[in-house]
Every structure is written in C-alpha cells, then in structure tokens.
Amino acid sequence: MRKYSWSSFKDTIFANPAVVDQDPHVGEGDENQERGNWTNKREYLLSSIGYAVGLGNIWRFPYLAYKNGGGAFLIPYFVMLVVAGIPLFFLESALGQFCSQGPINVWRAAPIMQGAGVSMVMVTLIVSIYYNVIIAYSIYYMFASFQSPLPWASCSNCSVTPAVYCNISGVLVSNLTQENITSRPTILTAPIQSPSEEYWDGVALQRSSSLDETGCVDWHLALCLLLSTVICAAALIKGIKSSGKVVYFTATFPYVVILILLIRGVTLEGARDGIEFYIGSQSNLTKLGDAQVWKDAATQTFYSLSIGWGGVMTLASYNNFHNNVFKDAFVVTLTNAGTSVLAGLAIFSILGHMACIYKMQIEKVVKEGFGLAFIAYPEALSKLPISPLWSVLFFLMLLTVGLDSQFTGIEVINTCMTDAFPKFFSPKSKRAILSIMSSVLVYLLGLPCVTQAGIYWVTLIDQFVASWVLLVLVLLEIMGIIYIYGGNRFIRDVEMMLGQKSVCFWLWWRACWFVISPCLIAVILVWSLLTFTPPSYGSVQYPMWAQALGWCMIVFVLLWIPLFVVLNMLKAKGTVWTRLKSLCLPSEDWHPYLEIHRGEEYSKVACQQRHSDNSDVSQTDLTVMSTRL
C-alpha cells in the first residue's frame with residue numbers, strides 16, 4: 001500500500017470517487033457470487049437512507065426541537081451528529097463492508113463480544129414486532145382517509161362515549177337515559193377528548209382501560225398488520241435484489257409528500273406562527289445551558305441513525321469491497337438530519353394553522369409520538385380543503401417511511417441466518433422461504449399488539465427495549481472494535497478498502513472513536529439510568545407485573561453477552577487467563593470474504609500463522625494488547 005499525503009487522500013475520496021468505488025476485479029454480475037451484492041450504488045444509498053429516516057424523524061425530532069428551544073436545538077443536534085453520529089455510522093458501515101458479514105459474524109474480529117451481535121439481532125427482532133404494528137396503524141388510517149368528511153373530523157363519526165352524570169344520591173348514571181331521571185343530574189368535570197383523539201382511542205384502537213384488560217383482537221388492525229407483513233415478505237423475497245428495487249419508491253416518495261405538505265402548509269393562515277415556534281424567532285438560546293437539551297440531542301442522533309441495531313452493518317455487508325464507505329456515511333447521515341428538519345417545517349406549518357383556527361396557543365396542539373402522528377396532525381389535516389387528499393398522502397408517507405425501516409429489520413434476521421447456515425439458505429428458493437418465515441414470525445408475535453390493550457404493549461416495548469439498552473450495545477461495540485480488536489488495526493482494514501493511507505485523515509476519527517464517542521455514550525447511559533421513570537401511556541400507569549416484564553425483556557436482550565462469553569470460554573483450551581486472551585484475538589475466520597481482497601495481512605499464510613499464535617497464546621506477551629491501540 002502506498003502512503004499519500006492528506007491532499008492526495010482527500011482528492012481520492014471526494015474528487016475522484018470512481019477510484020475507490022470501482023473494483024478492477026469486478027466484471028459483470030456480483031463481485032461476491034456466493035453472498036450477492038447490491039445491483040448498484042443507488043440501491044444501497046436509498047436503502048440506507050430509508051433505514052435511517054424512520055418514524056422518529058417525523059414525530060419525535062420536531063417535538064424535541066420545539067421543546068428544547070426551537071432553532072437553538074439544532075446547535076447541539078448537529079454537534080452530536082459530528083462527534084458521535086457520523087463517526088459511529090462510519091464505523092459500523094466500514095465493519096460490515098470489510099468482512100461482508102452480518103452483526104453476529106462481524107465479531108469474529110473479537111469473539112469475546114459475539115454476544116453483543118446476538119443482542120443486536122434480538123433488539124431488532126423485538127422492535128420489528130411493534131414497528132410492524134405502527135405500519136398497520138398507518139395503513140388503517142390511510143384506508144380510513146378515503147372518506148369525506150374524514151371520520152375523525154367530528155364526533156358524529158367517532159365512537160360514542162357517554163357523558164357521565166351524577167344524580168342527587170351521588171350514583172353515577174349515563175346521559176343516554178337522561179330524560180328518564182327524575183331529578184336533574186349534575187355534570188361531573190372530566191377531561192374532554194377531541195374528535196381525533198376519540199377516534200384514535202375508541203375506533204382505531206378500541207383501547208381498553210389498562211394492560212390488565214387485554215380484550216379481543218381488533219380484526220381491522222389484524223388485517224392491516226397482515227397486509228404490512230405481506231408487503232415486507234414480497235419486498236424481501238429475493239433479499240436485497242428485490243428490496244433494492246422497492247426502495248426506489250419507498251425511499252423517495254416521502255420526500256415528495258413532505259415537500260407537498262410543506263408548500264401547502266406555508267400558504268395557510270397561522271403557518272408562520274407554527275414555524276416561529278419550531279425553529280424561528282421563538283427559539284430560546286438560553287436552553288443551550290440546559291444539560292437535558294444536549295442529552296436529548298445525543299439520544300435523538302443515536303436512535304435516528306439506527307446505530308447499534310445491526311442494520312447499518314447488514315446493509316453495508318452487501319457492498320463491493322472497495323466501495324467508498326466514507327463518502328456514503330456522510331451522504332446518509334446528513335440526509336437523515338436534513339429530513340428531520342424538513343419534516344418539522346411541514347408539520348409545524350399546518351399545526352400553526354390549526355392553532356389559528358381554534359384560537360389556541362401552539363403548545364396546546366403540539367403532541368409527541370403517537371399523539372402527533374395519529375391525533376394532532378390528522379385533526380389539523382381535517383380542517384384543510386380537500387382534506388381526504390392530504391390525509392391519504394400523509395399516511396401513505398408514514399407507511400413508506402415505516403416500510404423502509406422494517407425491510408432492513410427483517411433483512412438483519414435473514415442475513416444472520418444466511419451467514420450462520422450459508423449452504424442451506426444460499427439458494428434463491430431457500431432465501432424466499434426464509435423471508436416468509438421471518439415475516440410470519442413477526443406477524444404472529446405482533447398479534448398481542450393489535451388487541452384492545454395493544455397500544456400498551458407497543459409503548460412498553462418502545463420504552464424498555466428501544467431505549468438505553470441500545471446505548472449499552474453501542475458502547476460495547478466501540479470497546480470491542482477500538483479497545484479489544486484494536487483501533488489501529490481497524491484503521492488499516494479501512495485503508496485496505498479505500499486504497500489510500502493518510503495519518504492526518506484519521507486524527508479526527510481517532511479522537512471520536514477512542515475518546516469522545518465512548519465518553520459521551522457512557523455519560524448519557526448513566527444519566528438515562530439515574531433519571532429512569534416507570535413507563536406509562538398518557539395518564540394510564542402500568543401495573544407492577546408489566547414493569548417487571550419490561551425488565552425481563554431487557555435481561556433477555558443483554559443476557560446473550562455474558563452467555564456467549566461463557567460458551568466461548570468453554571470451547572477454548574488452556575487456563576482461564578489463556579482462554580480469555582484467546583477470545584480477545586481475531587478468529588481464524590476473520591478476514592475479507594473474498595480471497596482476492598485479503599492482501600498480505602489476511603492471506604492464507606498469515607491466517608495460518610495467526611491461528612498458530614492463538615493456539616499458543618499463553619506465551620503471548622501482554623504488550624500485544626496495547627499495540628493494537
């Protein structure tokens with residue numbers, strides 16, 4: 001490998017991407033015939049952008065920006081993107097591309113961390129269950145939008161919740177039989193639901209009063225869940241070869257809808273007030289002194305980019321070996337951040353119009369999460385002319401945004417199974433069966449989430465599994481690659497793919513990987529644990545058994561880490577210390593997938609020598625560990 005100056009390296013990366021994007025050994029067809037590759041670079045980028053741009057960009061980022069100082073929030077958000085988001089996305093992408101393996105087999109680099117890869121897959125599986133349910137909600141609302149007027153526009157189309165009255169004796173009675181009451185009842189003061197909120201609770205969810213009341217399966221949502229599952233299975237029937245074609249629509253259509261809604265929104269009365277509250281003159285720069293704002297910015301960065309889920313590695317593992325993974329990381333992460341800001345503009349412009357109509361302050365109509373996507377925004381759309389059109393477009397956008405992320409979630413499971421049993425699942429017919437089996441599994445596990453208590457299950461999974469657990473996995477990932485496998489060794493691996501070497505180029509990435517990112521994640525993790533609050537859905541508190549179940553899910557996810565340490569220790573030979581050191585060294589199978597890309601360091605001779613060294617690791621000097629850093 002030749003050594004170049006930083007200017008030469010920069011020119012190679014940015015000015016002449018074909019140098020590293022094209023492999024001279026690649027002819028027609030896939031570079032990796034056994035495992036397959038993306039048909040072209042566009043499909044990988046669209047799939048990665050579709051995976052990163054999820055529902056959180058639509059309903060979480062705008063609310064966080066509004067809550068944490070408006071436009072001032074963009075400062076900590078982009079700072080966290082630079083010091084943690086881009087470096088970690090680059091690390092995961094490069095790791096998956098180098099060995100062309102999924103999130104479990106990549107830990108051949110440091111076998112002691114193999115359990116972390118299994119935990120990533122478990123998180124993805126559990127999150128895919130409730131993500132599929134959210135897609136079902138979007139499908140339900142999309143179909144319901146083909147009505148005029150929209151069914152949540154007024155209470156006449158909502159489920160009827162009788163007003164509660166109290167007679168003279170204090171006995172509660174219903175307004176439905178008010179005319180039969182001899183004495184005039186007194187109306188009890190109770191929270192009043194808006195039409196859209198009443199539709200969400202009473203019609204779409206048919207929500208029960210608590211998790212203790214499971215009720216029956218809502219067949220409307222069960223059918224929508226089935227449709228979502230069928231779409232995912234069909235898109236993944238041929239793996240990335242079929243999903244790569246689908247993302248041409250699912251990854252680009254949301255941007256068309258966002259732009260349409262934004263153009264329509266800014267022309268409405270009150271839109272300016274909404275945007276001002278979002279990132280305009282109402283921005284509060286004093287919020288920058290609040291540590292909670294920086295914590296929210298960092299957390300949103302991690303979750304929005306889907307770092308620690310295994311999907312980034314999986315998608316990158318199908319790249320050509322010499323693909324410019326560095327440039328791709330910038331394209332995906334910056335597109336994701338820009339999408340969040342753009343979606344917020346579209347949403348708050350219309351919420352501002354809604355506040356203007358009701359003569360209310362903006363903060364009275366803004367909600368977070370499900371409340372924003374299925375209550376506040378649908379109600380705002382119902383006030384527009386041709387409201388069914390805007391509503392269909394909005395929920396079709398939610399559908400496509402959700403499907404992109406769901407595709408990758410299922411693909412993570414399929415890829416890990418294919419990597420574990422390549423001879424069995426490699427044939428195309430077997431890959432189709434695997435996609436169907438994975439989709440059916442996710443559907444069956446999702447049925448409890450479409451019961452009358454389903455929304456409580458969805459919230460429970462979201463608040464326990466898709467929370468600080470991911471921070472644990474990301475922290476272990478950095479420790480495994482940088483401090484166990486070796487940061488310098490990893491950088492040499494990336495240089496093999498990029499085809500260039502530059503000391504100056506890696507100064508910033510070393511600072512992030514070795515110090516800034518792990519310290520930042522550790523602080524946020526400790527903070528999240530210290531400030532943990534029991535989950536709830538609105539005003540409904542979860543029973544103790546549900547909270548215990550949530551902690552059991554966390555244990556189930558993290559248990560694989562020590563379990564695989566013990567299993568691998570039992571398989572190794574020698575004393576306990578010898579076995580432990582052997583698990584901190586790359587296995588014999590750790591190398592680029594194709595022989596042609598292994599070079600001198602990963603040639604057969606080098607692998608045999610490394611295997612011999614591992615067998616006699618008891619005589620290895622302790623300085624070996626430090627030289628990797």
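Residues numbered from 1 in each chain as written. Predicted model: local features only at pLDDT ≥ 70, side-chain atom pairs only at ≥ 80, totals over all residues. Heavy atoms only, no water.

Trainee: What am I meant to see in the overall build of the chain here?
Mentor: Within the chain, the regular secondary structure consists of 27 helices and 5 strands. Classification of the 629 residues of the chain by burial places 58% in the buried group. For the chain, the share of sequence-separated contacts (at least 6 apart) that also reach a separation of at least 24 residues comes to 82%. When the accessible area of the chain is evaluated, it comes to approximately 25,900 Å², of which 66% is carbon and sulfur surface. (Helix = DSSP H or I, 4+ residues; strand = E, 2+ residues; numbered from the N terminus. Buried < 20%, exposed > 50% of the residue type's maximum accessible area, 1.4 Å probe, protein only. Contact = heavy atoms within 4.5 Å. Areas by Shrake-Rupley, 256 points an atom, 1.4 Å probe, with all protein chains shown as cover.)

Trainee: For this particular structure, what's the right way to read the nonpolar core?
Mentor: Soluble, globular proteins show a tendency: their nonpolar side chains are buried together. Ranked by internal contacts, the top residues of the largest apolar core, which has 182 residues, are Phe-90, Tyr-137, Trp-200, Phe-302, Leu-351, Phe-374 and Trp-513. Leaving out residues up to four positions away in the same chain, Trp-513 has contacts with Pro-87, Leu-88, Phe-90, Leu-91, Ile-478, Ile-482, Phe-490, Ile-491, Trp-506 and Pro-518. (Core = buried A, V, L, I, M, F, W, Y, C linked by side-chain atoms within 4.5 Å.)

Trainee: Got a minute to help me understand the side chain of Asn-68 in this structure?
Mentor: The topology assignment puts Asn-68 in the loop between α5 (61–67) and α6 (74–99). Among the polar contacts listed, one links the side chain of Asn-68 to the side chain of Asp-296, at a separation of 3.1 Å. With residues up to four places along the chain from it excluded, the contact list for Asn-68 reads Phe-73, Lys-287, Val-293 and Asp-296. (Polar contact = N/O pair within 3.5 Å; in protein donor to acceptor, adjacent residues only side chain to side chain.)

Trainee: Quick question: what am I supposed to make of the environment of Pro-534 here?
Mentor: With respect to the helices and strands, Pro-534 occurs in the loop between α22 (506–530) and β4 (536–537). What makes Pro-534 partly exposed here is its relative accessible area of 45%. Sequence-wise, Pro-534 and Gln-547 are 13 residues apart; in three dimensions their C-alpha atoms are separated by 7.2 Å.

Trainee: Help me out: how do you make sense of the confidence of the model for the chain in this one?
Mentor: A low pLDDT score tells you not to read the predicted coordinates there in detail. Considering every residue of the chain, the mean pLDDT works out to 83; 84% of them sit at 70 or more. Residue range residues 12–28 is modelled with pLDDT below 50. Its contacts to residues more than four positions away, or to other chains, number 28 contacts. In the model, residues 617–628 has pLDDT below 50 throughout and makes 20 contacts with residues more than four positions away in sequence or in other chains. (pLDDT = per-residue confidence, 0-100.)

Trainee: So what exactly am I meant to see when it comes to a nonpolar patch on the surface here?
Mentor: Judged by side-chain polarity, Val-555, Leu-559, Leu-563, Val-566, Leu-567 and Leu-570 come together as a nonpolar surface patch covering roughly 530 Å² of accessible area. Tracing the chain through its elements places Val-555 in helix α23 (residues 544–558). (Patch = residues over 30% accessible without salt bridge, like charges linked within 9 Å, V, L, I, M, F, W, Y side chains within 5 Å. Salt bridge = Lys/Arg side-chain N within 4 Å of Asp/Glu carboxyl O.)

Trainee: Help me out: how do you make sense of helix α13 (residues 291–304) in this one?
Mentor: Since the α-helix packs 3.6 residues into each turn, any two residues three or four apart lie on the same face. Counted at 1.5 Å a residue, the expected span for α13 with its 14 residues is 20 Å, and the 20 Å between its end C-alpha atoms agrees. The buried count for α13 comes to 11 of 14 residues, which makes it a mostly enclosed element. Of the positions making up α13, those classed as buried are Val-293, Lys-295, Asp-296, Ala-297, Ala-298, Thr-299, Gln-300, Thr-301, Phe-302, Tyr-303 and Ser-304. Its side-chain oxygen at 3.0 Å from the backbone nitrogen of Gln-292, Asp-290 defines the N-terminal cap of α13. Two residues or fewer past α13, Ser-306 is found with a positive phi of approximately 60°. (Expected span 1.5 Å × (residues − 1).)

Trainee: Looking at this structure, I do not really get unusual backbone geometry. What am I missing?
Mentor: Following Ser-148, the chain continues to Pro-149 via a peptide bond in cis, the omega torsion being 0°. Secondary-structure assignment places Pro-149 in the loop between α7 (114–144) and β1 (164–166). Residue Ser-100 is not a glycine yet carries a positive backbone phi of 55°. For Ser-100, the position within the fold is in the loop between α6 and α7. On the accessibility criterion, Ser-100 (8% relative accessible area) is buried. Although it is not a glycine, Ile-386 adopts a positive phi angle of roughly 55°.

Trainee: Help me understand the environment of Gln-101, please; the structure alone is not making it clear to me.
Mentor: Note on placement: Gln-101 falls in the loop between α6 and α7. Not counting residues up to four positions away in its chain, the partners in contact with Gln-101 are Arg-35, Gly-96, Val-106, Arg-108, Met-313, Ser-317, Asp-419 and Tyr-593. A distance of 2.7 Å separates polar atoms of two side chains, one belonging to Gln-101 and the other to Asn-105.

Trainee: Explain the packing of α7 against helix α21 (residues 469–498) here, please?
Mentor: A pair of packed helices can be characterised by two numbers: the angle between their axes and the separation between those axes. Axis separation between α7 and α21 bottoms out at 10 Å; the angle between their running directions is 150°. The orientation of α7 with respect to α21, classified from their angle, is roughly antiparallel. In this structure, the crossing between α7 and α21 has a hand that is left-handed. When α7 is examined against α21, the residues Ala-116, Ser-119, Met-120 and Val-123 are found in contact with a partner set consisting of Val-469, Leu-470, Leu-473 and Glu-477. When the residues that make up the contact of α7 with α21 are grouped by side-chain class, the tally is 6 nonpolar, 1 polar and 1 charged. (Axes fitted to C-alpha atoms, helices over the stretch in contact; angles between N-to-C directions. Parallel < 35°, antiparallel > 145°, perpendicular 65-115°, else oblique. Left-handed = near helix turned anticlockwise from the far one by under 90°. Nonpolar A, V, L, I, M, F, W, Y, C, P; charged D, E, K, R; others polar.)

Trainee: Just to check I follow, could you spell out α22 for this structure?
Mentor: For α22, with 25 residues, the first-to-last C-alpha span of 35 Å sits near the 36 Å given by 1.5 Å per residue. By the largest-angle criterion, Cys-512 marks the main kink of α22, which is about 45°. For α22, every residue scored as buried is listed here: Trp-506, Trp-509, Cys-512, Trp-513, Phe-514, Ser-517, Pro-518, Leu-520, Ile-521, Ile-524, Leu-525 and Ser-528. (Bend = angle between axes of the 7 residues up to and from the residue.)

Trainee: Just checking my understanding: could you explain the side chain of Arg-35 for this structure?
Mentor: By the secondary structure assignment, Arg-35 is in the loop between α2 (18–21) and α3 (41–52). On the accessibility criterion, Arg-35 (13% relative accessible area) is buried. Dropping the residues within four chain positions of it, Arg-35 is found in contact with Ser-100, Gln-101, Gly-102, Ser-317, Tyr-318, Thr-415, Asp-419 and Tyr-593.

Trainee: What is the right way to look at the packing of aromatic side chains in this model?
Mentor: Aromatic ring pairs are described here by two measures, namely the spacing of the ring centres and the angle between the planes. In total, this model carries 55 aromatic pairs according to the counting rule given. Arranged with centres 6.2 Å apart and planes meeting at 5°, the rings of Phe-90 and Trp-506 form a pair that is stacked. Of this pair, Phe-90 sits in helix α6 while Trp-506 sits in helix α22, and the two are 416 residues apart along the sequence. Taken individually, Phe-90 and Trp-506 each receive the classification buried, so the pair is uniform in this respect. Ring plane angle 65° and centroid distance 5.5 Å describe the contact between Phe-490 and Trp-513, whose orientation is recorded as edge-to-face. Here the residue Phe-490 occupies a position in helix α21, and Trp-513 occupies one in helix α22, the gap between them amounting to 23 residues. A residue is classified by how much of its surface remains accessible, and Trp-513, at 1% relative accessible area, is buried. Of the aromatic side chains, those joined through ring pairs into one cluster are Trp-59, Tyr-137, Tyr-140, Tyr-141, Trp-152, Tyr-199, Trp-200, Phe-370, Phe-374, Tyr-377, Phe-394 and Phe-395. Its guanidinium or amino end placed over the ring of Tyr-318, Arg-35 lies 4.4 Å from that ring's centre, counting from NZ or CZ. Taking NZ or CZ as reference, Arg-489 lies 5.2 Å from the ring centre of Tyr-485, over its face. (Phe/Tyr/Trp six-rings, centres within 6.5 Å; stacked < 30°, edge-to-face > 60°. Lys NZ or Arg CZ within 6 Å of the ring centre and 35° of its normal.)

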